[in-house]
Amino acid sequence: MASPHDRHRTTVTGCSRNGKGAFAIGVLDDRIALTIPHETSTAGVPAYRIADVLGRERTDHNDYGLNWLSNDFDPFVFKNNVSNAVKLPIDTHALIAMIAPRGLLVRNIAKFLKHEGEAPGELVVGSGGSLSMSDWVDWEAPTLK
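Keep in mind the model is a prediction, meaning the values are calculated, not measured.

1. Re the pairing of strand β1 (residues 11-15)
Where a strand is regular, its side chains alternate between the two sheet faces. What you see with β1 is a clean split: V12 and G14 sit on the buried side and T11, T13 and C15 on the side with no burial. As paired strands, β1 and strand β2 (residues 34-38) are joined by 5 bridges and run parallel to one another. Note that in β2 the partner of T11 across the bridge is L34. For the segment spanning β1, helix α1 (residues 17-28) and β2, crossover handedness is right-handed.

2. Details of the pairing of β2
Among the 5 residues that make up β2, 4 are buried, leaving the element largely enclosed by the rest of the structure. The pairing of β2 with strand β3 (residues 103-104) spans 2 bridges and is parallel. The residue of β3 that forms the bridge with T35 is L104.

3. Here we look at α1
With 12 residues, α1 ought to run about 16 Å at 1.5 Å a step, and its terminal C-alpha atoms sit 17 Å apart, in line with that. Inspection of α1 places G19, K20, A22, F23, G26 and V27 among the buried residues, and these make up the whole buried set. Buried positions in α1, seen along its axis, are confined to an arc of 160° and lie on one side of it. The exposed set on the far side of α1, more than 90 degrees from its buried face, consists of R17, N18 and L28. Of the surrounding elements, those touching the buried residues of α1 are β1, β2 and α3 (92-99).

Procedures and definitions
Residues numbered from 1 in each chain as written. Predicted model: local features only at pLDDT ≥ 70, side-chain atom pairs only at ≥ 80, totals over all residues. Heavy atoms only, no water. Buried < 20%, exposed > 50% of the residue type's maximum accessible area, 1.4 Å probe, protein only. Helix = DSSP H or I, 4+ residues; strand = E, 2+ residues; numbered from the N terminus. Pairing = 2+ DSSP bridges. Right-handed = clockwise from strand over helix to strand, strands pointing away. Expected span 1.5 Å × (residues − 1). Arc of directions from axis to C-beta. Contact = heavy atoms within 4.5 Å.

Everything listed here is a matter of geometry and, on its own, says nothing about what the molecule does.
Written out as structure tokens, the structure reads:
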């Protein structure tokens, strides 16, 4: 007898804590056709390397069992007024790329469905007054043929 489960139509979703879990499952399980993490905050979909710069959340709030990351994340957290997340060998964009070619839908429930809160995806310049791509990217994208 055939299984009623169709792996090509499987979706995983969650909000906040469960959004982080949905994101992790979507990254690691290729049976998931569509991953929909909602409002994952730090340790979810947002880039770690800019979390401390933007200042809304900090990486040091997410290790030592306080929230989401293990103690192994300690070398990369905000310490002594310095963001160490720039030392990470990878960032969230690499995890997001692991989901391809499967689907990923990242949306903000509070803003778009409840019409509450601030607009997501806003780029906020830090206290230095400027932000450029060269501050974060020390390589050039290859030309694809």
